[in-house]
Amino acid sequence: MDVLKKFVLVITILLIAPCATAQEIAQEIPRNVSPAEEETASPLDFSIIINSRVRPLTTIMENTVPYFLLSSVFKSLSPNVITVNMTDSTHAELFISEEESFNFDLKSGVIKEKEGDKTLSSDVIWKENKPYIRFDFFTRALPVILNKEVSFDATTNTFFLGKHAEIRLNYKVKATPQYAVLSLLFPAKARYRMEENKETRIVRIIINSQFRKPDANFLTLSNDYFSILDYKLEPSRTTIIMKITDKVKTVSKAFDRNFNRLRIYFYSPEFYNPLTDTLNQALPIYKPTSGTVHKVIIDPGHGGDDEGAIGPKGIMEKDITLAIAYKLATTLKERGYEVVMTRYSDVFVPLSDRTGIANTNNGDIFISIHANASTRKASGAETYYLSLKGTQTVSDTVAFENRQLNKEKKANASKKNDLLFILWDMAQTEYLKDSSLLAEQIQNAMNTLTGIRNRGVKQANLVVLRGLNMPGVLVEVAFISDPSEEARLVQDGFQQRTATAIADSIDRYKQLQEERMKPALNTPTTAGTSQ
Ligand SMILES: [Zn+2]
């Protein structure tokens, strides 16, 4: 059966025949979308879209009918759509507006309007003392409660408030001299695939869901890297056709699961990124240490839906790293350094892009800022530089900071060029001595200025440091998992002292490097005098 017909039929059954039996409902609910060749963007669990965000519904199957954990239903709707107040473990009040509210009996499944005569019901079952509500709560009860249409897309198992056909795709474009990114924000869970014809330079994005065109301007979208040729809405799928320009050397994609965002990268030959740009075959160029520091690349760890570690009070690592990074940037600029940050706001930047940004901007040193976490009791600061030794036992910290890559690998399963990786790793080994010198300065200065326990300099195979064409370190400024250090991490004063300590150590490193280079520079002169 055509999926669209199927979808209409499901809704018809649920709306026209509220007395439909569980068996009848079950027959029309798709549990398995036929396996296709395209990538699965996300597992096809049930979800509801509220304000363009996918809210998951914890689903169980009971006699082949989906039931949703009521707390996940309430969590998805509250507080944007309905405010839920649990009066006791089996009764809830649902507030729609100041005038309109309902009483919900979680034992009988009866939902009754407080000051009106609307009475609705859905089946509630209890498992391990937790209530689950039947599928048709969304399609029969909720439209009456909200006085609003609720749609269901059977291809993606997603509920929508409002008419499905009104759901638009959103997009963002970013273009820099080295690369451009087109972000497509799917309004619902969707499966997609990308096809690239290298001869005609046509790229097609095929999304297995119907989404309306973002806006009229989308079709006229054109820049140095690509132009949109067509946006086709066909039954159960959407196709975006674009042409890439001669400036583009590589096209790659990454999928951000939590936000259902597909990002398509268009790289120019000037953008060399060892981890994503394997087609470019860019070889590392070892640039000898200039013996001084002009430009510092600051990498605030994590960002966007990658929150990093979360402290006992709920403080997120991504916010702390960005705050310290800004303070460090300001301090360094005041001291005459040039600064580039790998992110300037709360956005997700893949680890490999951070390396790419650093290399493209030709930095002299790279400082990645993080906050540590441990399940055991731990406190203090530690600074890492790269080790290429593969170790059997990987510490919690290293596993955690590298974790993001696994996500990216799944999203972008392109074949990696092993030789290229080895060459890039070798490039970083050239800087290991410098990196270790920088790490030592940071540990010493941090201990003096912040009073945080010195856990020392460590070496580890940290992904963000691999492929870096300059000395680089990763600083774990304190343990966000430790209640007292979490409390300090949010303090402006502590953040500034940490930034000052890192800036001081960069000054010291610069001074040591300049001293080290001096005799070499003076050699010809000395030789000349002795003659
Ligand atoms: Zn981190």
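This one's a predicted model, so the numbers in the text were calculated from it and none came from an experiment.

Draft legend 1. Structural view of the sheet that holds strand E8 (residues 110–113). Pairing is antiparallel in the open sheet, where 5 strands are placed in the order E5-E6-E7-E8-E9. Pairing within the sheet leaves two strands with one partner each, and these edge strands are strand E5 (83–88) and strand E9 (119–121). Direction aside, the axes of adjacent strands within the sheet are offset by 20° on average. Relative to strand E7 (residues 101–105), strand E6 (residues 91–95) runs antiparallel, the two being bridged by 5 bridges. Note that in E7 the partner of Glu93 across the bridge is Asn103. On the sheet, helix H4 (residues 136–146) packs against E6, E7, E8 and E9 and is oriented at approximately 165° with respect to E9.

Draft legend 2. Seen up close, the sheet that holds strand E19 (residues 237–244). Here we have 4 strands laid out as an open sheet, ordered E16-E17-E19-E18, and antiparallel in their pairing. Where the open sheet ends on each side, the last strands, each with one partner, are strand E16 (192–197) and strand E18 (226–234). Neighbour to neighbour, the strand axes of the sheet diverge by 15° on average, direction disregarded. Judged from the 6 bridges that link them, strand E17 (residues 202–207) and E19 form a sheet pairing that is antiparallel. In the sheet register, Val203 faces E19, and the bridge partner there is Met242.

Draft legend 3. Quick look at the nonpolar core. Counting residues in hydrophobic clusters, the biggest one holds 59 residues, and the most contacted among them are Val296, Ile298, Leu332, Ile367 and Ile506. Ignoring anything within four residues of it in the chain, the contact list for Leu332 reads Val296, Ile298, Tyr337, Val339, Ala503 and Ile506.

Draft legend 4. View of the pattern of salt bridges. Tallied over the entire structure, the rule returns 19 salt bridges. We note a salt bridge from Arg134 to Asp136, for which the minimum N-O separation is 2.9 Å. The exposure class of Arg134 is buried, given its relative accessible area of 14%. Owing to a relative accessible area of 2%, Asp136 belongs among the buried residues under this scheme. The shortest N-O distance in the salt bridge between Asp346 and Lys318 comes to 3.1 Å. Taken together, the positions of Asp346 in the loop between strand E23 (338–341) and helix H6 (351–360) and Lys318 in helix H5 (residues 317–334) put the pair 28 residues apart, joining distant regions of the chain. Taking relative accessible area as the criterion, Asp346 reaches 42% and is therefore assigned partly exposed. A relative accessible area of 9% places Lys318 in the buried class. The network of salt bridges with common partners includes Arg134, Asp136 and Arg140.

Draft legend 5. The arrangement of the environment of Pro177 in detail. In this structure, Pro177 sits in the loop between strand E14 (170–175) and strand E15 (179–185). Residue Pro177 is classed as exposed on the basis of its relative accessible area, which comes to 59%.

Draft legend 6. Spatial organisation of the pairing of E16. Across 6 bridges, the pairing between E16 and E17 is antiparallel. By the bridge assignment for E17, Glu196 is matched with Val203. Where E16 hands over to E17, the hairpin turn is made up of 4 residues, of which Arg201 adopts a positive phi near 60°.

Draft legend 7. Representation of the packing of aromatic side chains. Scanning the entire structure with this criterion turns up 15 aromatic pairs. Considering the side-chain rings of Phe68 and Phe159, the 5.9 Å spacing of their centres and the 85° angle between planes classify their relative orientation as edge-to-face. With a gap of 91 residues between them, Phe68 in strand E4 (residues 65–69) and Phe159 in strand E13 (residues 158–161) connect regions that are remote in the sequence. For Phe68, a relative accessible area of 0% translates into the label buried. Seen in terms of ring centroids, Phe138 and Phe159 are 4.5 Å apart; in terms of plane orientation they differ by 20°. Their pairing is stacked. Here the residue Phe138 occupies a position in helix H4, and Phe159 occupies one in strand E13, the gap between them amounting to 21 residues. Here Phe138 and Phe159 have matching classes, each one buried. An aromatic cluster is built from Phe46, Phe68, Phe74, Phe104, Phe135, Phe137, Phe138 and Phe159, whose rings are joined through pairwise contacts.

Cut-offs and rules
Every residue gets a number counted from 1 within its own chain, in the order that chain's sequence is written. Residues qualify for local features only when their pLDDT is at least 70, as the model is predicted, and side-chain atom pairs are given and counted only at 80 or more; totals for whole chains, interfaces and linings, by contrast, use all residues. To obtain the side-chain values, all non-hydrogen atoms of the structure were used and water was disregarded. One requirement defines pairing of two strands: DSSP has to find at least two bridges between them. Numbering of helices and strands starts at the N terminus; helices are DSSP runs of H or I of at least 4 residues and strands are runs of E of at least 2. In this analysis an axis means a line fitted to C-alpha atoms, helices contributing only their contacting stretch, and an angle means the value between N-to-C directions, from 0 to 180 degrees. Any two residues whose heavy atoms approach within 4.5 Å are treated as being in contact. Throughout, nonpolar core names a set of buried Ala, Val, Leu, Ile, Met, Phe, Trp, Tyr and Cys residues whose side chains join them through atoms within 4.5 Å. Each residue is assigned to one of three classes by its accessible area relative to the maximum for its type, calculated with a 1.4 Å probe on protein chains only: buried under 20%, partly exposed between the two thresholds, exposed over 50%. The salt bridge definition used is simple: a Lys or Arg side-chain nitrogen within 4 Å of an Asp or Glu carboxyl oxygen. Think of it this way: a Phe, Tyr or Trp ring, Trp meaning its six-membered ring, pairs with another when their centres are within 6.5 Å, and the plane angle makes it stacked under 30 degrees, edge-to-face over 60, tilted otherwise.

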